[in-house]
Amino acid sequence: MIRVRSSLRLVLQTVILLSAGLAPVQADVTQHDVVPSLLLRCVVCHGARKQEGELDLRSRASMLRGGKSGPAFVPGKPEESRMLKRIQAEECPPRLRLIEATVKPMETDEVSKLARWIALGALEIPDEPDVAGTSADPLIRKEDWEFWSFRPPQPVTIPRVVHSDRVRNPIDAFVLQKLEEKGLVLSPEADRLALLRRATFDLTGLPPEPSEAEAFLADESPDAYSKLIERLLASPRYGERWGRHWLDVAGYADCEGRREQHLPRPFAWRYRDYVIRAFNADKPYDRFLLEQLAGDELADYEHAHEITQEIEDNLVATGFLRMAPDPTWANLTGFVSDRLEVMADAMDVLGSGVMGLTFKCARCHNHKFDPIPQRDYYRLLAVFKGAYDEHDWLKPETNSYGGAFSAGVGERYLPYVTTAERQRWQKHNAVIQQEVDALKAAPQTTNTDKQIKEIEARRLPEPRIMALWDRGETSQTYLYRRGNYLTAGFPVQPGVPAALTDGQTPFEVKPPWPGAKSTGRRLAFARWLTQPDNPLTARVMVNRIWKDHFGHGLVRSLGNFGKMGDKPTHPELLDWLAREFVRQGWSMKSMHRLMMTSSTYRQISTVTSRNEQFDPGNRLLSRMPLRRMEAEELRDSLLWIAGQLDETRFGPAEPIKARPDGLIQSGKRRSIYVQQLRKQPPSLLESFDLPAMNPNCLQRSESLVAPQALHLLNDTSVREMAAQFADRVLQVTGDEPTQQVQRIYWIALSRPPSAEEQQACLQMFTRLTRLWKNKLATAGKALETEATRKALTTICHTVMNSAAFLYLD
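Calculation rules
- Residues numbered from 1 in each chain as written.
- Predicted model: local features only at pLDDT ≥ 70, side-chain atom pairs only at ≥ 80, totals over all residues.
- Heavy atoms only, no water.
- Helix = DSSP H or I, 4+ residues; strand = E, 2+ residues; numbered from the N terminus.
- Buried < 20%, exposed > 50% of the residue type's maximum accessible area, 1.4 Å probe, protein only.
- Contact = heavy atoms within 4.5 Å.
- Areas by Shrake-Rupley, 256 points an atom, 1.4 Å probe, with all protein chains shown as cover.
- Lys, Arg positive; Asp, Glu negative; His and termini not counted.
- Charge placed at Lys NZ, Arg CZ, Asp CG, Glu CD.
- Core = buried A, V, L, I, M, F, W, Y, C linked by side-chain atoms within 4.5 Å.
- Salt bridge = Lys/Arg side-chain N within 4 Å of Asp/Glu carboxyl O.
- Polar contact = N/O pair within 3.5 Å; in protein donor to acceptor, adjacent residues only side chain to side chain.
- Expected span 1.5 Å × (residues − 1).
- Phe/Tyr/Trp six-rings, centres within 6.5 Å; stacked < 30°, edge-to-face > 60°.
- Axes fitted to C-alpha atoms, helices over the stretch in contact; angles between N-to-C directions.
- Parallel < 35°, antiparallel > 145°, perpendicular 65-115°, else oblique.
- Left-handed = near helix turned anticlockwise from the far one by under 90°.

J.: Explanation requested: the overall build of the protein chain in the structure shown.
T.: Within the protein chain one finds 31 helices and eight strands. Considering only C-alpha atoms, the protein chain reaches an extent of 110 × 90 × 50 Å along its principal axes. Burial analysis of the protein chain (809 residues in total) assigns 55% to the buried set. Taking contacts inside the protein chain between residues at least 6 apart in sequence as the whole, the part at least 24 apart equals 70%. Counting every atom, the protein chain has about 35,000 Å² of accessible surface; 53% of that belongs to carbon and sulfur. The distance from the centre of the 107 positive side-chain charges to the centre of the 104 negative ones in the protein chain is 3 Å.

J.: Looking at this model, I keep getting lost on the nonpolar core. Mind explaining?
T.: Nonpolar side chains tend to gather and get buried jointly when the protein is soluble and globular. Counting residues in hydrophobic clusters, the biggest one holds 140 residues, and the most contacted among them are Trp246, Tyr271, Tyr285, Phe525 and Leu577. Examining the composition of this core, we find that eleven residues originate from one element, helix 15 (residues 336–355), more than from any other. Counting residues in hydrophobic clusters, the runner-up holds 40 residues, among them Leu690, Met721, Ile744 and Cys761.

J.: Where do I start with the side chain of glutamate 297 in this structure?
T.: Of note, glutamate 297 is situated in the loop between helix 13 (285–294) and helix 14 (309–317). Here glutamate 297 is buried and forms no salt bridge, its nearest opposite-charge partner arginine 522 lying at an N-O distance of 4.6 Å. At 2.8 Å, the side chain of glutamate 297 and the backbone nitrogen of leucine 523 are in polar contact. Non-local contacts of glutamate 297, meaning those with residues more than four positions away in its chain, are made with Asp470, Pro512, Trp513, Ser518, Thr519, Gly520, Arg521, Arg522 and Leu523.

J.: Please clarify how helix 11 (residues 236–250) should be interpreted in this entry.
T.: An α-helical segment advances 3.6 residues per turn. Residues three or four places apart therefore align on the same side. The end-to-end C-alpha separation of helix 11 is 21 Å, in line with the 21 Å expected for 15 residues at 1.5 Å each. By the criterion of burial, helix 11 is predominantly enclosed, with 14 of the 15 residues buried. Two or three places before arginine 237, at the opening of helix 11, serine 235 has a side-chain oxygen 3.0 Å from that residue's backbone nitrogen. Glycine 251 occupies a position one or two residues after helix 11 and carries a positive phi of about 75 degrees.

J.: In this structure, what is going on with unusual backbone geometry? I would like to understand it.
T.: Negative phi is the rule for most residues except glycine; trans is the rule for most peptide bonds. Note the cis peptide between cysteine 92 and proline 93, where omega equals -10 degrees. Topologically, proline 93 is positioned in the loop between helix 4 (82–88) and helix 5 (98–101). The phi torsion at glutamate 54 lies on the positive side, around 60 degrees, for a residue other than glycine. In this fold, glutamate 54 is placed in the loop between helix 2 (31–41) and helix 3 (60–65). Even without glycine at this site, phenylalanine 650 takes up a positive phi of about 70 degrees. Checked against the element boundaries, phenylalanine 650 lands in the loop between helix 24 (631–641) and strand 6 (657–658).

J.: Looking at this structure, I do not really get the packing of aromatic side chains. What am I missing?
T.: Pairs of aromatic rings are described using the distance from one ring centre to the other and the angle between the two planes. Going through the model one piece at a time under the given rule, you end up with 26 aromatic pairs. Here the aromatic rings of tryptophan 246 and tyrosine 285 are separated by 6.1 Å at their centres, their planes lie at 80 degrees, and the arrangement is edge-to-face. Of this pair, tryptophan 246 sits in helix 11 while tyrosine 285 sits in helix 13, placing them 39 residues apart in sequence. Of the two residues, tryptophan 246 and tyrosine 285, neither departs from the other in class, the shared state being buried. Relative to tryptophan 393, the ring of tyrosine 388 has its centre 5.7 Å away and its plane inclined at 25 degrees; by these criteria the two rings are stacked. Just as tyrosine 388 is buried, tryptophan 393 falls in that class too.

J.: Whenever I open this one, the pattern of salt bridges confuses me. Can you help?
T.: Between side chains of opposite charge, a pair can form when the charged atoms approach closely. Under the criterion given, the structure shown has 63 salt bridges. The salt bridge involving aspartate 273 is made with arginine 272; its shortest N-O contact spans 2.5 Å. For the residue pair aspartate 273 and arginine 272, the accessibility class agrees, reading buried in each case. Note that glutamate 390 is salt-bridged to lysine 385, the shortest N-O span being 3.5 Å. Overall, lysine 385 belongs to the buried group, its relative accessible area being 2%. A cluster of three or more residues bridged by salt bridges with shared partners is formed by Asp202, Arg241, Arg244, Asp248, Arg627, Glu630, Glu632, Glu633 and Arg700.

J.: Quick question: what am I supposed to make of the packing of helix 12 (residues 269–280) against helix 13 here?
T.: Describing two packed helices takes the angle between their axes plus the distance from one axis to the other. Between helix 12 and helix 13, the shortest axis-to-axis distance is 11 Å and the interhelical angle comes to 165 degrees. What the angle tells us is that helix 12 and helix 13 run roughly antiparallel. In terms of crossing hand, the pair formed by helix 12 and helix 13 is right-handed. Within the contact between the two elements, helix 12 uses Tyr271, Tyr274, Val275, Ala278 and Phe279 and helix 13 uses Phe288, Glu291 and Gln292.

J.: Would you mind going over the environment of serine 112 with me for this structure?
T.: As for its position among the elements, serine 112 is in helix 6 (residues 108–119). Residues serine 112 and leucine 84, spaced 28 residues apart in sequence, show a C-alpha to C-alpha distance of 9.8 Å.

See below:
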């Protein structure tokens, strides 16, 4: 009531001033002071998707056009304006539906501002011309465009070096140039078995088969190593290993919400499968990005005669922009402020993971260090407004599909799977229906209902796609002062960061095809981002590939190529790689070939006193870094050496299981196919630094703590895998201890044991066998075979806990 009286008082004061001719000639309230409040409070019922009473409140024109009850307001007469009366009477928004609609009532100052705007004639001023990225831009200085990462990669000359005998490709020349300046050279080449294990884990995430190691050793041809790389790149395991790297960037998870929330994403697995297939097919990176940022704008899927695999892939790819944590499925956490957090996370994933810049720092104010005005953050947000609109929101699904206030059933899941898959689904369910109908038509028995339920349980849910798509008309984007949605500033147009442009070429948005309802904004942005001369796109990706081969990026701050990020250790090499990446058709496999066939990659990892003195952090790459297996590599390798790894590919995630003791277990599929829940990661993976996707992971941490060793030593499932490993060895070698030890090392470590290791294992085997015989005899059990198996299990378990197994040389 106090709010209503205050508003009425202001209205009366304004009317009196106007009638007395005492009001100022120039109005101080425009549509840009009012529209943000209406977007925030009113358009959920009177906007693009829903217009109760046929009333649209998104613009001055639509308000004057009005609805069933006539115009929403009368210019100059707030006391006669219907919309103001209903707001003041607390009829709009309806107080009993606030939570359902996820809106809040207008604040007193908002009502006062609306009343004043109407009283002053509802002034509408034209938008200021968009000068962002032009010479007239007051927020970007000439020197901003000259920062190294904001300029396109430059042509460079491959340097001449003294130790040219170590140069296998240009990478070695660039690395040697820096080493020779310090009086260093590349370390000697690693032995063939070390290279085999290193390359196989790097490209597939699993150990090589003993037969593969033997074949590689037997191949004395000069190109034996190159053939190895080609074989590994052609393996379906390659996409599973490198797809996991990208899923870290995307922040992949099979659930919505943050760590405390568990709402499932039933079709997120399609995006995971898309990524794996894209890497295996060596999909060009520019196309890979184009599909993920604007796949829905690449073809008219709604009117396609047939949904091909390409059309489905285009839509599935946009799941990249849906991977950020999203708690807005609940009405209490679905307000505009919550939606903006989801949008901010999506921009963070894009900015840090793809563009290598910390855009999130410009959400509340101009970036403190990089030339990213707050204006450009909201211009970038406007690019995605056709799909991510805080005032026209699609909520995550709380049931099988849908149920949000404004958009209806299945709102985040599209039905456009391939025509072939849809036909298979229809045929399957038609057969189920025929069986049900036949039972219903037959004479009824006491078991009929039970039989019908059993048949109905075989019915498959409709196949759908978790996607992000442009919905056409968008709400106006405003800059939010201090990042606060309640303090809207001036309107902005969609655009790219001005500092990344040439200062001359405008950002042009066109419909993706004639008659398209889509805005075309994201497609225009994706095409700008994948231009060969884009300053960041190729640099950021080759730097990421380099990091996953050499332990650190040439720019160590993977997600920050700005002024506070690390400077590149080898800037000329980074530019040469970026240009070579584009020249070779954005082929990621070509980058693997280049990096892995270099002498730099083939070095030993041994640290010498000279390395420590002149290259203590290995920034100059005077040796190959030793690395520990990542969590998924470890779990998958344990299953593999035990002969238990299920390599079934693609499809819905394998569910995790929570044990009564609190441990979270997974099945036997590769880790990339295990259900990814933020709240319940598998315990083994969590112990070995599986990252939490909040919103994504640019670089994994590597801890070294006691619980890791204790987990491998004491966990029941690890002990079971050790016994299965022993059984695998016994099946091949029989009862010969020397052969058993040899086989254990070839399977687990891809090499034979040294003489010292062989002797130690045989001595331990003899001792353990004797101890087990005594123990089993006391228990009255069979002796020889079981004692041998248990002794061998202990040796297998010991090797599984060894540094030689856990670390890759």
